[in-house]
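# Descriptive structure summary
One letter stands for each residue in the lines below.
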Amino acid sequence: MSRSRPGAIRSRVTSLLRRFAEISGVDRVLIALAALGLSVLVGFFIVLGSGRVAECSTAAWTMPITGMGFCYDPFEVFFVLFNGALGGPFYVWEPAIFNPEWLPITLPWLGFMPGWSPFNNAFALTMSETTLLVFTGLSVAVAFRAGLFNIGTQGQLVVGALLTALVVVALAPLFPANRVGGVILIAIGILAGAVGGGVWGAIPGALKAYADANEVITTIMLNFIAANVAYVLVLEVFRAEGSSVVATADVPEYAQIGPWLFPPTGDFAEAALLIGFVSLVALYLFLEHTSLGYDLRVSGIQPLAAEYSGVNAKLTTVRAMTLSGALGGIGGSIWVLMSEGRWVESIPDLGFDGITVSILAGNNPLGVLPAAALFGVLKGGALQVGFQTDVPPELVGVLRGLIILFVAMPEFFRLIGKRLVPDESEVEPSSGDGNDGDGVGGTAAVDDGGEASA
Amino acid sequence: MNPAVHLDGITKRFPGVVANDDVDLAVERGSVHALLGENGAGKTTLMNVLYGLYRPTEGQVVIDGEPRSFNSPRDAIDAGVGMIHQHFMLVEPMRIWENVVLGNEPTEWYGLRVDEEAAREAVRDLSARYGFDVDPDDRVEDVSVGVQQRVEILKALYRGADILILDEPTAVLTPQEVEDLYDVFEELTDQGKTIIFISHKLSEATHAADEITVLRNGKNVGTVATDDVTSEELAEMMVGREVLMERSGATEPPGDVVLDVEGLVAEDDRGVEAVSGVSAQIREGEVFGIAGVDGNGQSQLIESITGLRTPTAGSVSFHGEPLDDVSRRERIDRGMAYIPEDRQARGLVMEYDLTQNAVLGSQHDSAFTDGPRLDWDRAASHAESVIEQYDVRPPDRDATAESFSGGNQQKFIVGREFERDPDLVVATHPTRGVDIGSTEFIHDRLTELRSEGKAVLLVSSKLDEVQALSDRLAVMHDGEFTGVVDPTTVTEEQLGLLMAGETPDDDTVDYVDDIESGDDSKPTESAGEEVSA
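Residues numbered from 1 in each chain as written. Chains lettered and ligands numbered in written order. Predicted model: local features only at pLDDT ≥ 70, side-chain atom pairs only at ≥ 80, totals over all residues.

### A short note on the overall build of chain A
Within chain A, the secondary structure is distributed over 16 helices and four strands. By the burial criterion, 50% of the 454 residues in chain A qualify as buried. Contacts in chain A between residues far apart in sequence, at least 24 positions, make up 75% of those at least 6 positions apart. (Helix = DSSP H or I, 4+ residues; strand = E, 2+ residues; numbered from the N terminus. Buried ≥ 20, exposed ≤ 12 C-beta atoms within 10 Å, placed from the backbone. Contact = placed C-beta atoms within 7 Å.)

Set out below in structure tokens:
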């Protein structure tokens, strides 16, 4: 019997997925770190390969022993990627004394850059991206926990951002142009963003609850609607006079969230990160320590049990989507008030990255911060790689994608494993359940393939 | 001579469950062997081990004296073991011969084309040899379930099976088809095939088998020759001991009506009417039992009462107030406890620990909340008290629900629901999969609740259970109550007839429901409507 056996393959896949589903918390962190290392290793060879194919006058890196030249230096690329994201706290030096001649390669040493301060523009970019992704990541995560796949965070962010910009610009004359007035305007702006995003999230929630419309489809469609309606509205009605791009008027300086320590040019404000952190902790407490959070979690994990326990499934769906949308909308507020100072047509894909951030975080609010930070580092670092090396931006994009792919994949498999692979003990008849035919479910699932191959 | 099949000390463990515990089984060639036991006794698991679907944790499978280690059903088939599952695995739009040869087609043109004529011929030959009345050219979807079962058997025979395992083969058959199946058994064994079939029905085992092995809680209780054993002895082996449950009648007459069901009509998930006009009144201090074969509308009736299903007609009132627009949560809050039929889908959140499961259904109850906050400390101590009182093992409130055995999961649910201090307990199969000791405990608690003046609605497929516990016993068939009887006087035969939807044609049946008690007119097909207050 040399033929392949679908039954055997299938059970292998099943048991593999099951193993992913049963991984513990500590293991998940370790796996993520291992995946990060592995992605760097694979990326290393991709850089080498591209560097061999590319044409350049002088080799950026020469392979020891073979003397083969490469256009890009993989060590440098990854060093700059991570070091650059922090604004270059380290530099590389090669001490002559410690480098015996019998060693084929020069050992690089890391030195601490004198005069480096964390409050630099490069690090600000990293932190700004991190902050924005905390909101969109939380937005996707809360929907996920309720068993809903919100692809619409992007649209909710667009709507929230527009509403924030419009409300703050409109109300600015009513408040004193000082710190106090600024804080009030910022609070109103964030509230407006939350309402805008919340309403935009509630729509697919209600469609799902009361018309049985799949939220994946509706949220995707609402993304387009949000982007285009916002564009037309700003183009036709709210466009700032004399603006060369489609943008609203600027939010007054005092009503923007400004930095305390970072340079004002960096578009990052510590206060915004603080708001993100507070949202994160609040969301965690909501999910784990409130009745409504319990309703939401049970709905996501076992809808039948939720129904049994008296959870109103429709209402919970609408609630979860509203909350999810509100978080996306706040992300939009922060984007306007911290980064841009106005609504502009060129809105980054923060909502879509939020999906990956959430998966990376295992849909746990507490995991969203490190996941967002990884994205922030990659974003800030990629820019520096572009500045400091000859590596084309496309290749940097490949490296970013590779790292995200590697780190997210184990979590992704874990999610699939949890959803698709029935727990053995559940299937197993002799747990004493079983209706007439004990264990038929398990039998059928495993057996199908085996029989077909026979 | 070696037995055809010899299972030697098979133990199969699943997380938290021992499905088979050191089971020995020997089956002679050319005999029919019945594997008898209650649901969850481990019969199917054992056969899945024999068929290579599960690998035994311990023990060995010996076929024809040769120890085997099966990694997949493929290996088992190669060793001559075939299994016919309860749910057939046939491609319905395809013809019978196509189904039989599927995966092992005779080919021509160097394997490029299926040799249809050869395949048809082979199926026709097989069919004729064993006296199956099967036309290879019929489509599977066009033939009866009984014939489909034969196609499954043909499939196994075509692959060279000498040992046939049938999982609950009669469950899907009409009585006539069952008789035909027994004939097929005879034909097969005459020609040297060995048959093992799984059943939980005594009569089937004694009727069709040469030898019977009884499994209970994963253990082999004994193997007996059919001729040497009586049904009573077998029943005792299955259940474990004489189940003469002490009846403790209500000490006080029932009080006010707690639950009033009036002309209830409900559909199942497919939109087919499953409950056709059921009426019942359940009073304080009374256990109202519902007996009947599973799937006669009990589930839909119960779900309509507990608020998981919206009835299409009729009404449910609780303490005199109609529940039409009352949500499930409100029903819980008003004092309705509910032990659901499907504990793993509904009764517990399998991935959560017992502390989190302890508040399922009371997550908004002020007993566990301060405003919007859920107090996990109080939940934990509640979980602990349920674990302790109801003897949930292992007593670990931080373990996830899925890590407990079915019986212990059940005990936890029962405890949680009983401790709600309800006015009405709706208990569906409260002791399913629970060991004897705990069963007794749950029965005692049910009786206690009754003497505390609670109303209890009990649904169980265990006749002895409903009979011993109920004060009034309704028998449900095809969505209707065929009768509401006095469980102390009704005989098993009468119950059997009522469960089959027929009316015992004597007047010894004590119909106790308000209307029928004085009126021995036979409950007709519209008995449901008559049985009302």
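### Concerning the overall build of chain B
The helix and strand tally for chain B stands at 18 helices and 24 strands. For chain B, with 533 residues in total, the buried portion stands at 50%. Sequence-distant contacts in chain B: of pairs separated by 6 or more residues, those separated by 24 or more amount to 67%.

### Structural notes on the sheet that holds strand E14 (residues 273-283) of chain B
Residue and element names in this part refer to chain B. Spatially, E14-E13-E16-E17 is the arrangement adopted by the four strands of the open sheet, whose pairing is antiparallel. Two strands bound the open sheet, and with one partner strand each, they are E14 and strand E17 (321-322). Of the strand pairs in this sheet, strand E13 (residues 257-267) and strand E16 (residues 313-318) are connected by five bridges, and their pairing is antiparallel. Directly across from Leu259, in E16, lies its bridge partner Phe318. Helix H9 (residues 298-306) contacts E13, E14 and E16 of the sheet and is inclined by roughly 125 degrees relative to E13. (Pairing = 2+ DSSP bridges. Axes fitted to C-alpha atoms, helices over the stretch in contact; angles between N-to-C directions.)

### Let's talk about the domain arrangement of chain A
Residues and elements named next belong to chain A. Examined at the domain level, chain A breaks down into domain 1 (22-116 + 389-410) and domain 2 (125-372). Once you take the C-alpha centre of each, domain 1 and domain 2 turn out to be 35 Å apart. Listed as interface residues are five residues of domain 1 and, on the opposing side, five residues of domain 2. Among the elements that make up the side of domain 1 that touches domain 2, the one with the highest residue count is helix H14 (residues 393-420) (three residues). Among the residues forming the side of domain 1 that touches domain 2, the class breakdown is four nonpolar, no polar and one charged. (Domains from an automatic or database assignment. Nonpolar A, V, L, I, M, F, W, Y, C, P; charged D, E, K, R; others polar.)

### Notes on the confidence of the model for chain B
Residue and element names in this part refer to chain B. For chain B, mean pLDDT is 84; residues scoring 70 or higher make up 90% of the total. Mean pLDDT across the elements of chain B ranges from a minimum in helix H18 (residues 527-530), with 39, to a maximum in helix H12 (residues 354-358), with 96. Counting contacts from residues 514-533, a segment whose pLDDT is below 50, to residues more than four positions away or on other chains yields 37 contacts. Model confidence for the complex is summarised by a pTM of 0.73, with the ipTM given as 0.79. (pLDDT = per-residue confidence, 0-100.)

### Here we look at the confidence of the model for chain A
Residues and elements named next belong to chain A. Residues with a pLDDT of 70 or more make up 86% of chain A, whose mean pLDDT is 85. Per-element confidence in chain A ranges from a low mean pLDDT of 36 for helix H16 (residues 440-453) to a high of 97 for helix H5 (residues 153-171). In the predicted structure, residues 422-454 sits below a pLDDT of 50 and forms 106 contacts with residues beyond four places in sequence or in another chain.

### Description of the nonpolar core
All names here are of chain A. Residues Leu138, Val142, Ala161, Leu162, Ala165 and Val368 are the most contacted members of the largest nonpolar core, which totals 106 residues. Among the elements that make up this core, the one with the highest residue count is helix H4 (residues 121-145) (14 residues). The two domains that each donate at least three residues to this core are domain 1 (22-116 + 389-410) and domain 2 (125-372). (Core = buried A, V, L, I, M, F, W, Y, C linked by C-beta atoms within 7 Å.)

### Some remarks on helix H4 (residues 116-129) of chain B
All names here are of chain B. Along its 14 residues, H4 runs 20 Å from first to last C-alpha, staying within 8% of the 20 Å computed at 1.5 Å per residue. Listed as buried for H4 are Ala119, Val123 and Ser127. Down the axis, H4 shows its buried residues gathered within 65 degrees of arc, on one side only. Every exposed residue of H4 that faces more than 90 degrees away from the buried side is listed here: Glu117, Asp125, Ala128 and Arg129. As for H4, its buried residues are in contact with helix H3 (96-101), strand E8 (113-114) and helix H5 (145-158). After H4 finishes, the residue Gly131 shows a positive phi value of roughly 70 degrees. (Expected span 1.5 Å × (residues − 1). Arc of directions from axis to C-beta.)

### Observations regarding the pairing of strand E11 (residues 211-216) of chain B
Residue and element names in this part refer to chain B. Across the six residues that make up E11, a large majority, five, are buried. In the sheet, strand E3 (residues 32-36) pairs with E11 via four bridges, with the strands oriented parallel. From the neighbouring strand, Leu35 faces E11, where its bridge partner is Thr213. Strand direction decides the pairing type here: E11 and strand E12 (residues 219-225), joined by six bridges, are antiparallel.

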